[in-house]
Amino acid sequence: MKNIFYLLFIVIFISSCSNKNDRGELIGVKGTKFFPDKPSGMVLVPSGSFLMGMADDDIAGLQNAPISTVSIKAFFMDETEITNGEYRQYVNWVKDSIVRQSLAVRAIEEIGESPSQEELDKDNSINSYFPVYQPISEVSDDEKSGYELYREQNSFGINPYDKKTFNLNFDIDLIWEREEYPDLAYAEVMEGPIEGTGFYLPEDESYNGERIFDIKKIVYNYTTFDAAEAIKYPDSARKNFFVQKSIPVYPDTTAWIKDFSYSYNEPMHNDYFWHDAYTDYPVVGISWEQATAFAHWRTMYKNNYQKTLKNGSRVASYRLPSEAEWEYAARGGLESATYPWGGPYTMDSEGCFLANFKPNRGDYAADEALYTVEAKSFWPNDYGLYNMAGNVSEWTRSSYDKGAYQFDSGLNPNVTDTINLRKVIRGGSWKDTAYFLRVSTRDYEYKDEKRSYIGFRTVQDYLGEDGGGDRNQNKIF
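Residues numbered from 1 in each chain as written. Predicted model: local features only at pLDDT ≥ 70, side-chain atom pairs only at ≥ 80, totals over all residues. Heavy atoms only, no water.

J.: Looking at this model, I keep getting lost on the overall build of the protein chain. Mind explaining?
T.: Helix and strand content of the protein chain: 12 helices and 12 strands. Taking all 477 residues of the protein chain together, the buried fraction comes to 43%. Counted over contacts in the protein chain with a minimum sequence separation of 6, partners at least 24 positions apart contribute 70%. (Helix = DSSP H or I, 4+ residues; strand = E, 2+ residues; numbered from the N terminus. Buried < 20%, exposed > 50% of the residue type's maximum accessible area, 1.4 Å probe, protein only. Contact = heavy atoms within 4.5 Å.)

And the structure:
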């Protein structure tokens, strides 16, 4: 009888642990069927291998790009350089968020942490910018989730309006005109209780009677995880490898003047980034750190949207391309080509230049462009990428090392070195000669430099395997 009881117990135990639909078989955990979406403004660069490096004589004699076979995993890439208009979206979002946070904090100070609905409903006051948050103290224990009760019992979240946790109110428009400020508290946030402490420059730092937003206050704060360091110390807590970043967002428009001494470029300094005439031109005056921060923001911005969808999955991160990815994409599938269009000439059969650069020993205007041109100009390469040669040089995520090709891995090679301040730039620009337009030519700039001839474009990893070549294009398009 005792044995029968034990046997019955074992049968019941096994049955309770078994999935009633798997019939005791190993079927794996089924996830949601995933179909990758092509990000807006990007094209698919399929996986494959290519000969990376100088395809012919190294004219400059640098000996820093010997030929090697490299294999690259598929990725999406911006079809053009990031434009002024696209970068303005980022600047405006950061500017908007910083102002809203300051208004929200001031609203908390004005009406307390547990405002009545009557206070929140007041019109024409800073109360409208109170954080979108229901104080936990106003929720009964029956309505609280287990996690909320857990946080209360363990003394977490004592201040429900900690600036790291509250949700800003984006449902109401900001008021920028001084004449329309709703109350004194709002005005003090925007202008500062003392002149010069608000978001606008004081009158003695403005000119022509213009109100000028203090661009030094437009700063993007984010956190990254230093995986390379974490690997070295596997027993250390993860929090020890979080890196806090605080990156000024605004482009350095003075680069147009600093880059060219004794040259009249003030109109470009004054108008290039903000004027509508240059909306579709590539953004310049961006450091490597700023380009990296933009890629982080783009990832966050897209994922915030994904969270609003019923079955929205997290997207792969946007980032700068590695040097190898950039060259592979620039070649457009053409083996051993000199330029993205093939080569070896910079003119077509009708005598028209194929890129924006400095031809004819310094004739900037010979290609019908004195400075930059619109990001979608000239013919794209066979992957559909515009201006992979000329217009602006482009940041990559790779550190520059002259001997990198000697020790690089042949699979998705990339050199990262936090101590090395030199970052690889590729493609040549509007102020460069034809040599720098070659797909194999390497160059570098220090990562904190901001130049009038350096821009960037971003990439996103392709999740899964595309199969290589063009066989899988239909899966995405």
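That covers the picture; the talk isn't over yet.
J.: Just to check I follow, could you spell out the pattern of salt bridges for this structure?
T.: A side chain with one charge can pair with a side chain of the opposite charge if their charged atoms come near. As enumerated under the stated definition, the model contains 23 salt bridges in all. Measuring nitrogen to oxygen at the nearest pair gives 3.0 Å for the salt bridge that ties Lys 232 to Glu 229. In this pair, Lys 232 and Glu 229 are both assigned in helix α6 (residues 227–232), three residues apart and thus about one turn of the helix distant. (Salt bridge = Lys/Arg side-chain N within 4 Å of Asp/Glu carboxyl O.)

J.: How should the sheet that holds strand β9 (residues 422–426) be read in this particular structure?
T.: What holds strands together in a sheet is hydrogen bonding between their backbones, with the strands either parallel or antiparallel. Taken in spatial order, the four strands of this open sheet run β10-β9-β8-β11, and their pairing is mixed. On the outer flanks of this sheet lie β10 (443–446) and β11 (454–455), each paired with one strand and no other. (Pairing = 2+ DSSP bridges.)

J.: Before we go on, may I ask you to explain the nonpolar core in this structure?
T.: Nonpolar side chains tend to gather and get buried jointly when the protein is soluble and globular. Of all hydrophobic cores here, the largest spans 48 residues; its most connected members are Tyr 87, Tyr 90 and Phe 456. Those elements giving two or more residues to this core turn out to be α2 (84–111), α5 (184–191), β5 (219–225) and α9 (288–306). Once residues lying within four places of it in the same chain are set aside, the contact partners of Tyr 90 are Tyr 220, Val 249, Ala 293, Phe 294 and Trp 297. By size, the runner-up hydrophobic cluster in this structure holds 24 residues, among which are Val 43, Val 70, Trp 326 and Ala 329. (Core = buried A, V, L, I, M, F, W, Y, C linked by side-chain atoms within 4.5 Å.)

J.: What is the right way to look at the sheet that holds strand β12 (residues 459–461) in this model?
T.: What the four strands build is an open sheet, ordered β1-β4-β12-β7; its pairing is antiparallel. The sheet terminates laterally at β1 (42–45) and β7 (318–319), the two strands that pair on one side only. Bridge count between β1 and strand β4 (residues 75–78): four bridges; the pairing is antiparallel. Among the inter-strand pairings, Met 42 is bridged to a residue of β4, identified as Asp 78. With respect to the sheet, helix α10 (residues 323–331) is in contact with β1, β4, β7 and β12, its orientation differing from that of β4 by roughly 75°. (Axes fitted to C-alpha atoms, helices over the stretch in contact; angles between N-to-C directions.)

J.: Hey, could you run me through α10 in this one?
T.: Working note: α-helix, 3.6 residues per turn, so residues spaced by three or four point in the same direction. With nine of nine residues buried, α10 is to be regarded as a mostly interior element. Burial in α10 covers these residues: Glu 323, Ala 324, Glu 325, Trp 326, Glu 327, Tyr 328, Ala 329, Ala 330 and Arg 331. Looking one or two places after α10, you find Gly 332, whose phi comes out positive at around 65°.

J.: Just checking my understanding: could you explain the side chain of Asn 303 for this structure?
T.: With respect to the element layout, Asn 303 can be found in helix α9. Filtering out sequence-adjacent residues up to four positions away, Asn 303 remains in contact with Arg 314 and Val 315.

J.: Help me out: how do you make sense of the environment of Ala 330 in this one?
T.: Within the element layout of this structure, Ala 330 appears in helix α10. Of the residues examined, Ala 330 reaches a relative accessible area of 0% and is grouped as buried. Considering only alpha carbons, one finds Ala 330 and Gly 384, 54 residues apart in sequence, at a separation of 9.8 Å. Aside from chain neighbours lying at most four places away, what touches Ala 330 is Pro 340, Asn 381, Met 388 and Val 439.

J.: Sorry, what's going on with the packing of aromatic side chains here?
T.: Each aromatic ring pair is specified by the distance between its two centres and by the angle formed by the two planes. Scanning the model with the defined rule gives 37 aromatic pairs in all. Between the aromatic rings of Phe 76 and Tyr 462, the centroid separation amounts to 5.6 Å while the plane-to-plane angle is 50°, which identifies the pairing as tilted. Taken together, the residues Phe 76 in strand β4 and Tyr 462 in the loop between β12 and α12 (473–476) connect sequence positions 386 residues apart. Here Phe 76 and Tyr 462 have matching classes, each one buried. (Phe/Tyr/Trp six-rings, centres within 6.5 Å; stacked < 30°, edge-to-face > 60°.)

J.: Looking at this structure, I do not really get the side chain of Asn 391. What am I missing?
T.: If you trace the backbone, Asn 391 turns up in the loop between α10 and β8 (393–399). In this structure the side chain of Asn 391 is engaged in a polar contact, spanning 2.8 Å, whose partner is the backbone nitrogen of Val 373. Leave out the neighbours within four places in its chain, and Asn 391 touches Glu 81, Pro 282, Asn 356, Thr 372, Val 373, Glu 374, Ala 375, Gly 428, Ser 429 and Trp 430. (Polar contact = N/O pair within 3.5 Å; in protein donor to acceptor, adjacent residues only side chain to side chain.)

J.: Would you mind going over α9 with me for this structure?
T.: Here α9 contains 19 residues, and its C-alpha end-to-end distance of 27 Å stays within 8% of the 27 Å for a straight helix at 1.5 Å per residue. The set of residues buried in α9 consists of Trp 288, Glu 289, Gln 290, Ala 291, Ala 293, Phe 294, Ala 295, Trp 297, Arg 298, Thr 299, Asn 303 and Gln 306. (Expected span 1.5 Å × (residues − 1).)

J.: Explain the environment of Gly 343 here, please?
T.: You can see Gly 343 is positioned in the loop between α10 and β8. Between the C-alpha atoms of Gly 343 and Arg 438, which are 95 residues apart in sequence, the distance is 9.2 Å.

J.: In this structure, what is going on with unusual backbone geometry? I would like to understand it.
T.: Comment: phi is negative for the bulk of residues other than glycine, and the bulk of peptide bonds are trans. Even without being glycine, Glu 368 reaches a positive phi, approximately 70°. One non-glycine residue, Asn 412, adopts positive backbone phi at about 45°. Among the structural elements, Asn 412 can be located in the loop between α11 (404–407) and β9.

J.: Just checking my understanding: could you explain the pairing of β9 for this structure?
T.: Among the five residues of β9, four are classified as buried, and the element is accordingly described as predominantly covered. Two elements, β8 and β9, share three bridges in a ladder whose sense is antiparallel. Residue Glu 394 lies in a different strand from β9, and its bridge partner there is Arg 426. Sheet analysis places β9 next to β10, joined by four bridges and oriented antiparallel. Looking at the pairing, Arg 422 lines up with Tyr 446 of β10.

J.: Can you walk me through the environment of Ile 98 in this structure?
T.: Topologically, Ile 98 is positioned in helix α2. Using a relative accessible area of 22% as the deciding quantity, one classes Ile 98 as partly exposed. Separated by 120 residues in the primary sequence, Ile 98 and Ile 218 have C-alpha atoms spaced 7.3 Å apart. Not counting residues up to four positions away in its chain, the partners in contact with Ile 98 are Phe 199, Lys 217, Ile 218 and Val 219.

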